[in-house]
Amino acid sequence: MSVEIRAVDVQGTVASGYESVRAAFEDNLASGQDIGAAFAVYRDGAALVDLWGGTRVEDRSVSITDRTVFGVNSTSKGVASICIAMLVDQGKLDYETPVSTYWPEFAAHGKSAVTVGEMMSHQAGLVGAREPVTLDDYITHDGVAALLAAQEPFFRPGLWGYHALTIGTLTDELVRRVDGRTMADFYKEEIASKIGIDVFLGLPIEEDDRYAEMFGQQDAPAADLDVPNPEAMAAALANPIIVWDFPNQRYWRAAGHSSAAATASARGLAKLYANLVGDDRQDQPRLLSKGVLEQAIRERIAGVDQAMGGPGRYAAGFRLNDGAAGPNPASFGHPGFGGSVAFADPALRIGVAYVTNTMRNPGPDWIDPRVAALLKALYAAEAAR
């Protein structure tokens, strides 16, 4: 089958030696795998790669620019995990303390011993609500938070299942209990305002003209996995039904729910992760102490996802690399439904981010081929340094 090759206008810069990364990015756009995208890699405050290209709209009439932001779906979860880690650093939370210490209602139905670290690593068994809820319920927060606290879990710690939307509610409530601010306000005041990045938990209306419309161009599912707990899967993915165009809903972008509603540039996400693993010479305040970062990124669970099938490894909110984030198993971050991803590689002190407005299924190995091509070129360039 022939592949249509389109002329593309790619903007941005790459450091000397990283030209192959630009070529891979151009190929993704020229082949039609991407309509609009951006890719960035930062180390110690400096850009190694900062690229963008394609169009914001399907008729290709409005180009992506360096100010464009994208809906990043579950890549949002990494941002929330950084917020929780900062509260640990501030002494307001402890990963090994039961959630019910901070949120007494959470103890219902035998959850009194579930720790913050277990909840963050998707072991709390609260993958979805047992009663019907809507996306509006998630946005208004209080009702769903109360439901989850009072609810019997679908499984106990020692097993894990992806908390697709609920982890945003659980972490937000935890922030409110110990800090008094919402997750979105904490993030804005403690992170975004301090390091000046285009990553939003709640995109302001005055910034909305920067948004790149998302397109649902997914193929048939790439894999057919057995799900250990079908009841958990239904709660996680069908109450409400999770659909590809959530980011295109203005009210969802405005809400900034930390499970899946962040809006971001690749540059902003790469800078954010690079801050966590950069050396002491970086020109921005370090968000986390090295000791707390070590706690935040240590493996807490590995095995089969009870709600979605397939293997996975989780730290305290961060997904640990299982091959989708380069060769280093210690890399940590989070992918998003449809293709976006952001992570840090501590060995190389780099923050890496890819954002796209073109929803695709991953390949048979659950790795997005667009990201795989970019990372292959990036790590080859790093190895040649």
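This text follows the structure it describes.
Definitions and limits used
Residues numbered from 1 in each chain as written. Predicted model: local features only at pLDDT ≥ 70, side-chain atom pairs only at ≥ 80, totals over all residues. Heavy atoms only, no water. Helix = DSSP H or I, 4+ residues; strand = E, 2+ residues; numbered from the N terminus. Rg over C-alpha atoms; globule rule 2.2 N^0.38 Å. Buried < 20%, exposed > 50% of the residue type's maximum accessible area, 1.4 Å probe, protein only. Areas by Shrake-Rupley, 256 points an atom, 1.4 Å probe, with all protein chains shown as cover. Lys, Arg positive; Asp, Glu negative; His and termini not counted. Charge placed at Lys NZ, Arg CZ, Asp CG, Glu CD. Salt bridge = Lys/Arg side-chain N within 4 Å of Asp/Glu carboxyl O. Phe/Tyr/Trp six-rings, centres within 6.5 Å; stacked < 30°, edge-to-face > 60°. Lys NZ or Arg CZ within 6 Å of the ring centre and 35° of its normal. Expected span 1.5 Å × (residues − 1). Contact = heavy atoms within 4.5 Å. Polar contact = N/O pair within 3.5 Å; in protein donor to acceptor, adjacent residues only side chain to side chain. Core = buried A, V, L, I, M, F, W, Y, C linked by side-chain atoms within 4.5 Å. Pairing = 2+ DSSP bridges. Arc of directions from axis to C-beta.

**Student:** Please explain the overall build of the chain as it appears in this structure.
**Tutor:** Helix and strand counts for the chain stand at 13 helices and 15 strands. In terms of overall size, the chain behaves like a compact globule, its C-alpha atoms giving a radius of gyration of 20 Å where 385 residues would be expected to give roughly 21 Å. In the chain, which comprises 385 residues, the proportion classed as buried is 57%. A total of about 14800 Å² of accessible surface is found on the chain, and carbon and sulfur atoms cover 52% of it. For the chain, the centre of its 33 positive side-chain charges and the centre of its 49 negative side-chain charges are spaced 4 Å apart.

**Student:** How do you make sense of the pattern of salt bridges when you look at a structure like this?
**Tutor:** Side-chain pairs of opposite charge can arise where the charged atoms are in close proximity. Under the defined criterion, the tally for this structure stands at 26 salt bridges. A salt bridge links Glu207 to Arg210, with the shortest nitrogen-to-oxygen separation between them at 2.8 Å. With a shortest N-O distance of 2.9 Å, Asp208 and Arg253 are connected by a salt bridge. Residue Asp208 is found in the loop between β5 (199-200) and β6 (211-212), and its partner Arg253 is found in helix α10 (residues 250-255); the two are separated by 45 residues along the sequence. What emerges from the salt-bridge pattern is a single network uniting Lys92, Asp179, Arg181, Glu189, Glu190 and Lys194.

**Student:** It is not clear to me how the packing of aromatic side chains should be interpreted in this structure. Could you clarify?
**Tutor:** Given two aromatic rings, one states the distance between the centres and the angle between the planes to describe the pair. As enumerated under the stated definition, the model contains five aromatic pairs in all. Ring-pair connections join several aromatic residues into one group, and the members of that group are Tyr273, Phe318 and Phe332. Taking NZ or CZ as reference, Arg130 lies 3.9 Å from the ring centre of Phe154, over its face.

**Student:** I would appreciate a short explanation of helix α1 (residues 19-30) in the present structure.
**Tutor:** Since there are 3.6 residues in each turn of an α-helix, residues three or four apart along the chain are aligned in direction. For α1, which comprises 12 residues, the first-to-last C-alpha distance of 16 Å matches the rise-based estimate of 16 Å (1.5 Å per residue) to within 8%. Listed in full, the buried residues belonging to α1 are Val21, Ala24, Phe25, Asn28, Leu29 and Ala30. If you follow the buried residues of α1, they end up packed against β1 (10-14), β2 (36-43), β3 (46-54) and α13 (369-383). Just downstream of α1, Gly32 is the residue with a positive phi angle, here 90°.

**Student:** Would you mind showing me how to read the environment of Arg349 here?
**Tutor:** Within the secondary structure, Arg349 is located in the loop between β13 (341-345) and β14 (350-356). The exposure class of Arg349 is partly exposed, given its relative accessible area of 30%. A polar side-chain atom of Arg349 sits 2.7 Å from a polar atom in the side chain of Asp44.

**Student:** What is the right way to look at the nonpolar core in this model?
**Tutor:** A general feature of soluble globular proteins is that nonpolar side chains tend to end up buried together. If you look at the biggest cluster of nonpolar residues, it comprises 80 residues, and the most contacted ones within it are Phe106, Tyr187, Ile191, Leu269, Leu276 and Phe332. If you tally residues by element for this core, the top one is helix α2 (residues 76-89), at nine residues. The contacts of Phe332, once residues within four sequence positions are left out, are Tyr273, Leu276, Val277, Leu293, Ile297, Phe318, Arg319, Leu320, Phe343, Ala344 and Pro346. In terms of nonpolar packing, the next biggest core, distinct from the first, is built from 25 residues, Val10, Ala24, Leu51 and Ile350 among them.

**Student:** Which parts of the structure should I look at to understand unusual backbone geometry?
**Tutor:** Residue Pro240 follows Asn239 across a cis peptide bond; omega there is 0°. Its location among the elements puts Pro240 in the loop between α9 (230-237) and α10. Even without being glycine, Asp44 reaches a positive phi, approximately 50°. Topologically, Asp44 is positioned in the loop between β2 and β3. Look at Asp44 and you get buried, because its relative accessible area is 19%. At His109, a residue that is not glycine, the phi angle is positive and equals roughly 55°. Considering the arrangement of structural elements, one finds His109 in the loop between α3 (99-102) and α4 (116-120). The exposure class assigned to His109 is partly exposed, which follows from its relative accessible area of 47%.

**Student:** Would you explain the sheet that holds strand β4 (residues 69-71) in this entry?
**Tutor:** Hydrogen bonds between backbone groups are what pair the strands of a sheet, and the pairing can be parallel or antiparallel. Across the sheet, four strands lie side by side as β5-β8-β4-β6; this open sheet has mixed pairing. Of all the strands in the sheet, the pair left with one neighbour each is β5 and β6.

**Student:** Would you take a moment to explain the pairing of β13 for this structure?
**Tutor:** As a general feature of sheets, a regular strand has side chains that alternate between the two faces. Along β13, five of the five residues are buried, which leaves the element largely enclosed by surrounding structure. Hairpin geometry of strand β12 (residues 332-335) and β13 is characterised by an intervening segment of five residues between the two adjacent antiparallel strands and by a positive phi of about 100° at Gly338. Examined bridge by bridge, β13 and β14 share five bridges and lie antiparallel to one another. Across the sheet, the residue bridging to Asp345 is Ile350, located in β14. In this antiparallel pair of consecutive strands, β13 and β14, the connection spans four residues, and Arg349 shows a positive phi of 60°.

**Student:** Before we go on, may I ask you to explain helix α6 (residues 142-150) in this structure?
**Tutor:** All of the buried residues along α6 are Val144, Ala145, Leu148 and Ala149. Buried residues of α6, viewed axially, fall in a sector of 135°; they line one side. Looking at the buried side of α6, the elements it contacts are α5 (135-140) and α7 (166-179).

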